[in-house]
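What the coordinates show
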Amino acid sequence: MTTQTIIPLAWAKDWLTQPKNQYINGEWVKGENLNWDLKNPANGESLCQIPLASSQQVEATAVIANQHHEAGTWSKVSRTERANLLRAIATLIRNNVEKLALLETLPNGKLFSESMTDDIPTCADIFDYYAGWTDKYYGETSPVDKGFLNYTLKEPIGVCALIAPWNFPLYQASLKIAPALAMGNIVIIKPSEYTPLTTVFLMELIDEALNIPAGVINMLLTDGASANQLTLSHNVHKVSFTGSTDIGRRIVQNSGQSNLKSTTLELGGKSPCIFFEDAPDLDGAIDRAFTVMFSHKGEKCSEPTRFIIHSNIYDYVLDKLITKAEAIKCGNPLSADVDQGPQCNEVQFNKIMEYIKIGKSEARLVTGGYADTEGENAKGYFIRPTIFADVAPDARIAQEEIFGPVLSCIRFDTTEEAISIANGTEYGLAAGLYTANVSRAHKVAEQLDSGMLFINRYGCYGLAAPFGGFKQSGWGKEMAIHSLSSYTKTKGVWVYYGDA
Ligand code: NAD
């Protein structure tokens, strides 16, 4: 954060008092269900009331969206025009970065500095990135027999329901909206009920400033009970979901029970990071893995929640981790001198505290293990960075996703043992390893059953690289060209032009 950054608190206070409505077919419409009381997790205070969409409103939105799909409201817009509008969205985000960063932090609890320098600017980059793809992703001609021509068309899938979680709200929404629009689809975005504010504000900016045809981007503010209809509806052709594995499973069932809509799933994780005894720059490796694990208060799907450490360096690594964890200051995420904000909501806070209780009965607690209720933190959902040592690979805290600042440290002696521990969960989102031995790095990388592999730097991300997991961490990939193929269907066209 630059020292000049002014947090627009007075603006937000006023904005939060204005009605928070659904955006359907280019109109702002009041939700038909009861008000959702959106809370600030740093102090438990109410931020605003949001009337949620009913499942009837959800279905009605899907019907309208499908009418726009069939009419070609967006797919007939030229690729150049689509690109221009995506770039214009990127500019709107850049011009409102402070306001968006504040609206991201208030209901989520992530540090304002993280929202300001990382999350929100990346959203603008995503729209620019996919603007560039609108005329670069297309079909091919196939090498078929003489006298025939076969070519493929990349067509929009139709109505895409985009369901986002609360941990990176606008980032996850952007990662779905931008490629879906770039490929000519109609969009229904459903942010998490815990963190809808940035999506609402972005829709307001788009509605006021841009000439996107009505009905191309729709936004539903609702909970899982009503959003379930999106996954059951015959008027929805694609669901792109980021969230928990349990809900992902349900979405697949709903798709099977309805119209077999295509699904992309980015789900939970329990990612390992293996520290071999020859890890180059061991202190740097510990710093990096610790930062990825504990930043955003441990509410990141691909963070390394299991450190698998060689016996010869185990005590050294553990000592360093404890020192770093104990230096973390929990507090108001708007303060510049705070390292960790509150967990996003009460449900999540209680879930983490329950796992800490389980961990105390299964392993050796070496630091943290309690809620931080010091001073102004008393009414917030703050949890001290918590580290368990000597965790058995099959312990619940080593198997189940906690999604908070709780790290399990596991000791190993042989490479085979490290690989077996790393692969020994139902998840396969990401994995990391630190070693100076190039041959070992490649051999182990080959054997880790994980959608993303980080060698000698845990947590590398880029829009041009695929993101997504194996096993019960998900189906399909997001980012790069992979998002484009997930928002298109391929039509094969045959032409017979006669024998030569
Ligand atoms: P969640 O599954 O509770 O909710 C995710 C979204 O789904 C929310 O918008 C919610 O309202 C909606 N939802 C809930 N029930 C639904 C239903 N029946 N039908 C349709 N929509 C429904 O997840 P969360 O608590 O918001 O997020 C945390 C989870 O997300 C963690 O498990 C985390 O690992 C995962 N996650 C994964 C990735 C990834 O890329 N793999 C990224 C971020 C978060």
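Please read these numbers as outputs of a predicted model, since none were measured by experiment.

By the definition in use, this model includes 20 aromatic pairs. The interplanar angle of 75° and the centroid separation of 5.2 Å between the aromatic rings of Trp36 and Tyr194 together place this pair among those described as edge-to-face. Remark: Tyr194 occurs in the loop between β8 (186-190) and α7 (197-209) and Trp36 occurs in strand β3 (residues 35-39); sequence separation between them is 158 residues. By relative accessible area, Trp36 is classed as partly exposed at 23%. Ring plane angle 80° and centroid distance 5.5 Å describe the contact between Phe276 and Phe412, whose orientation is recorded as edge-to-face.

It is worth spelling out the environment of Lys110 at this point. Within the secondary structure, Lys110 sits in the loop between α4 (97-108) and α5 (112-131). Linking Lys110 and Pro41, residues 69 residues apart in sequence, is a C-alpha distance of 9.7 Å. A polar side-chain atom of Lys110 sits 3.4 Å from a polar atom in the side chain of His296.

Not every one of the 26 residues close to the ligand is listed here, only the nearest: Lys190, Glu193, Ser244, Leu267 and Glu401. Here an oxygen atom of the ligand sits 2.9 Å away from a polar atom, N or O, in the side chain of Trp166. A distance of 2.6 Å separates an oxygen atom of the ligand from a polar side-chain atom of Ser244. For the ligand, whose unbound accessible area comes to 850 Å², protein coverage reaches 91%. Mapped by element, the contributors of at least two residues to the shell around the ligand are α8 (224-232) and β10 (238-242). Tallying contributions element by element places α8 first for the shell around the ligand, with three residues. Partitioning the shell around the ligand into residue classes produces 13 nonpolar, nine polar and four charged.

This part is about the sheet that holds strand β19 (residues 452-455). Spatial ordering of the open sheet is given by β14-β15-β16-β13-β12-β18-β19, a layout of seven strands whose pairing is mixed. Looking at the sheet topology across the chains shown, the edges are occupied by β14 (364-367) and β19. On average, each strand axis in the sheet is tilted by 25° relative to the strand beside it, whichever way the strands run. In this fold helix α12 (residues 346-362) packs onto β14, β15 (386-389) and β16 (406-412), with an angle of close to 25° to the strand it touches most, β15.

Cross-referencing UniProt, the feature "active site" (unreviewed entry) maps to Glu266 in the present numbering. Looking at where Glu266 falls in the secondary structure, it is placed in strand β11 (residues 262-266). Not counting residues within four places of it along the chain, the set of residues in contact with Glu266 comprises Phe241, Thr242, Gly243, Phe467, Gly468, Gly469, Ser473, Gly476, Lys477 and Glu478.

We now examine the domain arrangement of the protein chain. If you check the domain split of the protein chain, you get domain 1 (9-267 + 474-491) and domain 2 (272-463). The C-alpha centroid of domain 2 is placed 30 Å from the C-alpha centroid of domain 1. Contact residues are listed per partner, giving 30 residues for domain 1 and 29 residues for domain 2. Where domain 1 abuts domain 2, roughly 2300 Å² becomes buried across the two surfaces, and 64% of that area is made up of carbon and sulfur atoms. The tally of links between domain 1 and domain 2 comes to zero salt bridges. Our count for the contact surface shared by domain 1 and domain 2 stands at seven residue pairs in polar contact (both at pLDDT 80 or more). Where the side of domain 1 that touches domain 2 is concerned, the elements lending two or more residues are α4 and α5. Broken down by class, the residue content of the side of domain 1 that touches domain 2 amounts to 17 nonpolar, eight polar and five charged.

Of all five residues that make up β11, four are buried, and the element is covered over most of its length. Here β10 pairs with β11 via five bridges, running parallel. Looking across to β11, one finds that Phe241 is bridged to Leu265. Crossover connection from β10 via helix α9 (residues 245-257) to parallel β11: handedness right-handed.

Spatially, three strands are ordered β5-β6-β22 in an open sheet, and the strand pairing comes out antiparallel. Strands with a single pairing partner mark the edges of an open sheet, and in this sheet they are β5 (141-142) and β22 (488-496). Two strands pair when backbone bridges link them, and β5 and strand β6 (residues 148-156) are joined in this way by two bridges, in the antiparallel orientation. Bridge pairing in β6 links Ser142 to Asn150.

Turning to the pairing of strand β4 (residues 46-51), a few remarks are in order. Pairing between β3 and β4: five bridges, direction antiparallel. Residue Asp37 lies in a different strand from β4, and its bridge partner there is Gln49. Between the end of β3 and the start of β4, which pair antiparallel, lie six residues, with Gly44 showing a positive phi angle near 75°.

To continue, consider unusual backbone geometry. Most peptide bonds are trans, and most residues other than glycine sit at a negative phi. Here the phi dihedral of His296 falls at roughly 50°; this positive angle occurs in a residue that is not glycine. Note that His296 resides in the loop between α10 (282-294) and β13 (304-310). The phi dihedral of Met479 falls on the positive side, at around 75°, and the residue is not glycine. Tracing the backbone through its elements, the reader meets Met479 in the loop between β21 (474-475) and α16 (480-486).

Rules used in this analysis
- Residues numbered from 1 in each chain as written.
- Predicted model: local features only at pLDDT ≥ 70, side-chain atom pairs only at ≥ 80, totals over all residues.
- Heavy atoms only, no water.
- Phe/Tyr/Trp six-rings, centres within 6.5 Å; stacked < 30°, edge-to-face > 60°.
- Helix = DSSP H or I, 4+ residues; strand = E, 2+ residues; numbered from the N terminus.
- Buried < 20%, exposed > 50% of the residue type's maximum accessible area, 1.4 Å probe, protein only.
- Polar contact = N/O pair within 3.5 Å; in protein donor to acceptor, adjacent residues only side chain to side chain.
- Near = heavy atom within 4 Å.
- Areas by Shrake-Rupley, 256 points an atom, 1.4 Å probe, with all protein chains shown as cover.
- Nonpolar A, V, L, I, M, F, W, Y, C, P; charged D, E, K, R; others polar.
- Pairing = 2+ DSSP bridges.
- Axes fitted to C-alpha atoms, helices over the stretch in contact; angles between N-to-C directions.
- Contact = heavy atoms within 4.5 Å.
- UniProt positions renumbered as here; feature names shortened; annotations may be inferred.
- Domains from an automatic or database assignment.
- Buried area = accessible area lost by both parts, 1.4 Å probe.
- Salt bridge = Lys/Arg side-chain N within 4 Å of Asp/Glu carboxyl O.
- Right-handed = clockwise from strand over helix to strand, strands pointing away.

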